[in-house]
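Secondary and tertiary structure notes
Here are the chains, one letter per residue:
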Amino acid sequence: MVNTELSGGLLDPDDTPFLITKNILRQLIRDEVTSVFQEQRDSFMEPMFRRMAGMEATFASLYNQISSQTNQTNVDPKVLENFEFDTIDSGEALTELDERLKNDDQYKNTFVAWVQRYINVPISTKRMSKLLKALFTPKFLCLLTWSGRGKRAMYTLSNYKGIIDLFKTVGSTELSKVGDREVADFFILKLRYATYYLSRQECNQTNS
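Residues numbered from 1 in each chain as written. Predicted model: local features only at pLDDT ≥ 70, side-chain atom pairs only at ≥ 80, totals over all residues. Heavy atoms only, no water.

By the naming in an unreviewed UniProt entry, the protein goes by DUF4806 domain-containing protein and is assigned to Anopheles gambiae.

This is the structure:
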């Protein structure tokens, strides 16, 4: 039998001294800090996760709207399948496309529907960038300017209203409308670095 009497009193089993080593103390502190950190992290991240979920839903809805734009043009799918376009590499081709876009509504609708089949992104600047790559060769792009200034520039793009309207149409979405100012800012930036992008492309082709 265990003698629980000690110094004239009874020793309660719950009062038995517990030896805490340094390692145990460190682990207790670490567990407590981790628990507090996780609680703070969860309380901070939860609203962020909710906002991200809302943004994903918004972009998904926008993407579906953009994807369905082609079906709203009433262009015969067979016409789209047979539609062909040669990338612009000369002033004559630029003028021809501009005139057709201005004077032939059926051609413009077909062209827009054809382009939008391959430009399913919701951001206006990215939509216009994809259209830019589809329209012009990199070399010919170096001959374009927006305002008419530039040593190598031969064609002032701001004079081609059919091309400008095309970029306004393709660049616009349900949530973002592109106007003349947005198109001008876009081309001023892109044409300024056209020569640099061409040099980098040629360098990559040489090294590949």
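This is not the end of the story, as more comes after the structure.
Of regular secondary structure, the protein possesses nine helices and four strands. Counting helices and strands in the order they occur from the N terminus, the protein gives β-β-α-α-α-α-α-α-β-β-α-α-α. With 208 residues in all, the protein has 29% of them scored as buried. When contacts within the protein are restricted to residue pairs at least 6 apart in sequence, long-range pairs at least 24 apart make up 68% of them. Summing over all exposed atoms, the protein offers an accessible surface of approximately 14800 Å²; the carbon and sulfur share of this is 53%. (Helix = DSSP H or I, 4+ residues; strand = E, 2+ residues; numbered from the N terminus. Buried < 20%, exposed > 50% of the residue type's maximum accessible area, 1.4 Å probe, protein only. Contact = heavy atoms within 4.5 Å. Areas by Shrake-Rupley, 256 points an atom, 1.4 Å probe, with all protein chains shown as cover.)

We now examine the nonpolar core. Phe111, Phe136 and Phe167 are the most contacted members of the largest nonpolar core, which has 41 residues in total. When contributions to this core are tallied by element, the ones reaching two or more residues are α3 (91-103), α4 (105-116), α5 (124-135), α6 (138-141), α7 (161-171), α8 (180-192) and α9 (194-207). Ranked by residues supplied to this core, first place goes to α4 with six residues. Not counting chain neighbours up to four residues away, the residues in contact with Phe136 comprise Thr87, Ile88, Leu94, Leu141, Leu144 and Ile163. (Core = buried A, V, L, I, M, F, W, Y, C linked by side-chain atoms within 4.5 Å.)

Another aspect to go through is the side chain of Lys108. The topology assignment puts Lys108 in helix α4. The buried charged residue Lys108 lacks any salt bridge partner; its closest oppositely charged side chain belongs to Asp165, at an N-O distance of 4.8 Å. Non-local contacts of Lys108, meaning those with residues more than four positions away in its chain, are made with Leu101, Asp165 and Thr169. (Lys, Arg positive; Asp, Glu negative; His and termini not counted. Salt bridge = Lys/Arg side-chain N within 4 Å of Asp/Glu carboxyl O.)

Where nonpolar side chains cluster on the molecular surface, the patch consists of Ile24, Leu25, Leu28, Ile29 and Val33 and spans about 440 Å² of accessible area. Within the element layout of this structure, Ile29 appears in helix α1 (residues 22-67). Using a relative accessible area of 48% as the deciding quantity, one classes Ile29 as partly exposed. (Patch = residues over 30% accessible without salt bridge, like charges linked within 9 Å, V, L, I, M, F, W, Y side chains within 5 Å.)

The next subject is the pattern of salt bridges. As enumerated under the stated definition, the model contains seven salt bridges in all. Here Asp180 and Lys168 are joined by a salt bridge, their closest N and O atoms 3.1 Å apart. Taken together, the positions of Asp180 in helix α8 and Lys168 in helix α7 put the pair twelve residues apart, joining distant regions of the chain. Residue Arg181 is joined to Asp185 by a salt bridge in which the shortest nitrogen-to-oxygen separation is 2.9 Å. Taken together, the residues span about one helical turn, with Arg181 and Asp185 both in helix α8 at a distance of four residues. Using a relative accessible area of 41% as the deciding quantity, one classes Asp185 as partly exposed.

Looking at the secondary structure, you find Ser176 in the loop between α7 and α8. On the basis of relative accessibility, which here comes to 29%, the residue Ser176 falls in the partly exposed class. As for Ser176 and Ser124, which are separated by 52 residues in sequence, their C-alpha atoms are 7.1 Å apart. Residues contacting Ser176, with those up to four places away along its chain left out, are Ser124 and Gly171. At 3.1 Å, the side chain of Ser176 forms a polar contact with the side chain of Ser124. (Polar contact = N/O pair within 3.5 Å; in protein donor to acceptor, adjacent residues only side chain to side chain.)

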